[in-house]
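An overview of the molecular structure
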Amino acid sequence: MTTIRLTVAQALVRFLAAQYTERDGARQRLIGAMWGIFGHGNVAGIGQALVEYADLMPYHQGRNEQAMVHAAVGYARQSGRLSAHAVTTSIGPGATNLVTGAALATINHLPVLLLPGDVFAARPADPVLQQLEVPYAGDVSVNDTLRPVSRYFDRITRPEALIPSALQAMRVLTDPVDTGAVTLALPQDVQAEGFDWPERFFAERVWTVRRPGADAAELTEAVRAVRAARRPLIIAGGGVHHSRAETALAEFAGATGIPVASTQAGKGSLRYDHPQDVGGIGHTGTATADGLARTADLVIGVGTRYTDFTTASGTLFENPAVRFLNLNIAPFDGHKLAGLPLVADARSALGELTEALGMHGHRVAGEYVAEYTEAKDRWERTVDACFAAPDPAARPTQTQVLGALDALVDESDVIVNAAGSLPGDLHKLWRARSADQYHLEYGYSCMGYEIPAALGVKLAAPERNVWALVGDGTYLMLPTEIVTAVQEGVAIKLVLLQNHGYASIGGLSEAVGAERLGTAYRYPAGDGTLTGAPLPVDLAANAASLGMRVLRAGTAGELRAALGEARAADVPTCVYVETETSDTVSGAPPAQAWWDVPVAATATRPSAVKARELYERHVSTRRRHL
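Everything quoted here is computed from the prediction, not taken from an experiment.

Check the secondary structure of the protein and you find 24 helices and 23 strands. Taking 25 Å as the expected radius of gyration for a compact globule of 626 residues, we find that the protein reaches 25 Å, a close match to that expectation. The buried share of the protein, reckoned over its 626 residues, is 56%. Within the protein, residue pairs in contact and separated by at least 24 positions form 76% of the contacts whose partners lie at least 6 positions apart. With an accessible surface of roughly 24500 Å², the protein has 54% of that area assigned to carbon and sulfur atoms.

The following block contains the structure:
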């Protein structure tokens, strides 16, 4: 057996550079690049290996470890989960900063390889700098916090252990069911240790991403259920995009006439103007989709996890006879809500369903089509009203900012968002023009995701205009990767909305009787509450200080001009706008379905007492689908 002597870190970098994925005959590199922030726990190992093999593994310099994971996740989603990035950190805080990003990746089924440094395997000095000592266990480090948020975890305490572990890591990263964060914890002494590696370890490997078809018996049951339904509704989830099943879904919906609602992750599965697209579903959904959900007798979930926002916390599907048909590649999700499982790849199974139903000439009744078509038209008029341009000299509302952007973009633009009040407005109102235009991270809804994720999306699709939409609260969480975008000349676009606090949670706080405590960015008032004048924080100046070009828009007219200038820019550019937040100014439509946030069972303040009464009325409508 021919061997080559390398350090563990050098071997890992060479191995990663030789891994590929293949689906539908198209091959691409599995690990496209590595992000890294260096400290004593990885500089002599992974850091040296990246210098040694700079021609094999591109490197991106991050500023915050969590943000590096977000950027990697944005890249992986834009790449259809067929290509991913690795992230290396030192030990201690660098490693634990990965946990939030890892949770986000795993919840959203998006692949990212995490390579945190770890304490010495040989323990020559105990403890080392940044080591957490655990008196009852000598083999525990802070990296163990990554276990519950990783789909695969291993600690490489000997060089030869890397071989089976690296192969398992690639298996998980490319598995459409199991993929998520994968962690290989690398003790700092092991990283730099030499070993004689089998040369075959570095041979090119191609990992085929499977498209399993439907089981014949499950397909027969699914066809029977669809044919028996009179008011079926499809819910398109993120699995449609992961499978690249958008065309198959459009063909299925067009052939059967079944309307299609979408989750946050599934929005864009059909273009907004497709006859069967009825918009977002659930708490942040459209009146059209939620109305259909309440009377549906069959809900066909395609690649959805049925989160509480989608089901309106178990209150949305009111028809006593409703049944669920769950097309999902993951058996865990296929059996939810006591549904009929159709465990298969979304594109494969949709094609099989279309063919099987076509043999019977199946299509829903014309009256049903007319009903949802009319409701869809009504909602489009609602969108028009929300997006309507104000007086050019007026300060725009948040929905009018979205309207100005909607009027500017085409199908090549990508919109990135994750948290605050924007996800609700976007889910209800945004007109998705392409399958990958709408990039909402709402599985973890992580504040701070947007800017680094936009960077990752742009790296995956440099020809696209990529917009990160953030409020002031989200911006303050994680603006650090602006510096990386400036450093590498990655021309992301940032729309920064200043509304002086946490607008989304402020509204929720008021609704549940917490009276907006701690949700405004204001000075204390005379009574000690934070309800005084807005803080004199200049986030535009902050973005400019990080190297970003900043365009300030004080009015609706200036906003439209600034957005157009930003879209044409070839450098990272921020459009900063202070939005109108007065209660007398029209904003987004109210929630079309409930969301369960428990309210205090006992209280003396009138706001909380009233909120509890309303809560109990909603809770009484919840049902378990058995």
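Alright, that's what it looks like, and here's the rest.
The next point concerns a nonpolar patch on the surface. Side chains of Phe38, Val43 and Tyr59 sit close together on the surface and give an oily, nonpolar patch of about 240 Å² of accessible area. Looking at the element boundaries, tyrosine 59 is found in strand β5 (residues 59-61).

Okay, empty space enclosed by the protein next. Any empty space left between atoms is shown by rolling a water-sized probe over those atoms. On inspection of all chains with the given rule, the structure shows three cavities of 30 Å³ or more. In this model, the largest cavity occupies a volume close to 170 Å³. Lining the largest cavity are 20 residues, with Lys267, Tyr272, Asp277, Gly279 and Glu380 sitting closest to its centre. The set of elements that each furnish at least two residues to the lining of the largest cavity consists of β14 (277-280), α15 (366-387) and α17 (422-429). Top element by residues in the lining of the largest cavity is α15. It accounts for four residues. Its residues assigned to classes, the lining of the largest cavity shows eight nonpolar, five polar and seven charged.

Pairing is parallel in the open sheet, where six strands are placed in the order β19-β18-β20-β21-β23-β22. In the strand order of this sheet, the two ends are held by β19 (438-440) and β22 (549-553), each with one partner. Strand-to-strand twist in this sheet, taken as the mean axis angle between neighbours without regard to direction, amounts to 20 degrees. Each of β18 (414-417), β20 (466-471), β21 (493-498) and β23 (573-578) is contacted by helix α16 (residues 398-408), which is oriented at about 175 degrees to β20, the strand it contacts most.

As defined by bridge partners, β22 adjoins β23 across five bridges and the pair is classed as parallel. Bridge pairing in β23 places arginine 549 opposite threonine 573. You can see the chain leave β22, run along helix α23 (residues 556-568) and come back into β23, and the turn it takes is right-handed.

Strand order in this open sheet of six strands is β14-β13-β12-β15-β16-β17, and the pairing throughout is parallel. One side of each edge strand has no neighbouring strand; the edge strands of this open sheet are β14 and β17 (340-343). With direction set aside, neighbouring strand axes in the sheet form an average angle of 20 degrees. Bridge count between strand β12 (residues 232-236) and strand β13 (residues 260-262): three bridges; the pairing is parallel. Counted as the bridge partner of isoleucine 234 is valine 260 from β13. Its contacts with the sheet put helix α14 (residues 346-358) on β15 (298-302), β16 (323-328) and β17, and the angle it makes with β16 is roughly 125 degrees.

On to helix α1 (residues 8-17), then. With respect to burial, α1 is a largely interior element, nine of its ten residues being buried. Taken together, the buried positions of α1 are Val8, Ala9, Gln10, Ala11, Leu12, Val13, Phe15, Leu16 and Ala17.

With respect to the helices, strands and loops of the structure, asparagine 42 is situated in the loop between β4 (31-36) and α2 (43-52). In terms of polar contacts, asparagine 42 uses its side chain to reach the backbone carbonyl oxygen of isoleucine 37, at 3.3 Å. The residues touching asparagine 42, leaving out its near neighbours within four places in the chain, are Ile37, Gly47, Thr88, Thr89, Ser90 and Gln191.

A few words now on the pairing of strand β2 (residues 19-23). Within β2, four of the five residues are buried, which leaves the element mostly enclosed by the surrounding structure. Bridging between β2 and strand β11 (residues 205-208) involves four bridges; their strand directions are parallel. For glutamine 19, the partnering residue across the bridge sits in β11 and is arginine 205. Of the pairings in the sheet, the one linking β2 to strand β3 (residues 26-29) comprises four bridges and is antiparallel in character. Pairing of tyrosine 20 across the sheet is with arginine 29, part of β3. Counting the residues that bridge the hairpin from β2 to β3 gives two residues, and of these aspartate 24 lies at a positive phi of roughly 55 degrees.

The tally for this structure, following the rule as stated, stands at twelve aromatic pairs. On the numbers, 4.6 Å between centres and 15 degrees between planes, the contact of phenylalanine 15 with phenylalanine 201 is stacked. One end of the pair, phenylalanine 15, is in helix α1; the other, phenylalanine 201, is in the loop between β10 (194-198) and β11, with 186 residues separating them in the sequence. Neither phenylalanine 15 nor phenylalanine 201 differs from the other in exposure class; each is buried. When the centroid spacing of 5.6 Å and the interplanar angle of 85 degrees are considered together, the rings of tyrosine 368 and tyrosine 372 count as edge-to-face. In this pair, tyrosine 368 and tyrosine 372 both sit in helix α15, four residues apart, roughly one turn of the helix. Each member of the pair, tyrosine 368 as well as tyrosine 372, carries the same accessibility label: buried. Each residue in the set Phe15, Phe195, Trp197, Phe201 and Phe202 is aromatic and connected to the rest through ring pairs, giving one cluster.

With respect to the helices and strands, glycine 351 occurs in helix α14. Separated by 258 residues in the primary sequence, glycine 351 and proline 93 have C-alpha atoms spaced 48 Å apart.

Cut-offs applied
- Residues numbered from 1 in each chain as written.
- Predicted model: local features only at pLDDT ≥ 70, side-chain atom pairs only at ≥ 80, totals over all residues.
- Heavy atoms only, no water.
- Helix = DSSP H or I, 4+ residues; strand = E, 2+ residues; numbered from the N terminus.
- Rg over C-alpha atoms; globule rule 2.2 N^0.38 Å.
- Buried < 20%, exposed > 50% of the residue type's maximum accessible area, 1.4 Å probe, protein only.
- Contact = heavy atoms within 4.5 Å.
- Areas by Shrake-Rupley, 256 points an atom, 1.4 Å probe, with all protein chains shown as cover.
- Patch = residues over 30% accessible without salt bridge, like charges linked within 9 Å, V, L, I, M, F, W, Y side chains within 5 Å.
- Salt bridge = Lys/Arg side-chain N within 4 Å of Asp/Glu carboxyl O.
- 1 Å grid on protein atoms, 1.4 Å probe; cavity = no way out; pocket = protein on both sides within 12 Å on 5 of 7 lines; lining within 4 Å.
- Points joined across faces, edges and corners; volume = space filled by probe spheres on them.
- Nonpolar A, V, L, I, M, F, W, Y, C, P; charged D, E, K, R; others polar.
- Pairing = 2+ DSSP bridges.
- Axes fitted to C-alpha atoms, helices over the stretch in contact; angles between N-to-C directions.
- Right-handed = clockwise from strand over helix to strand, strands pointing away.
- Polar contact = N/O pair within 3.5 Å; in protein donor to acceptor, adjacent residues only side chain to side chain.
- Phe/Tyr/Trp six-rings, centres within 6.5 Å; stacked < 30°, edge-to-face > 60°.

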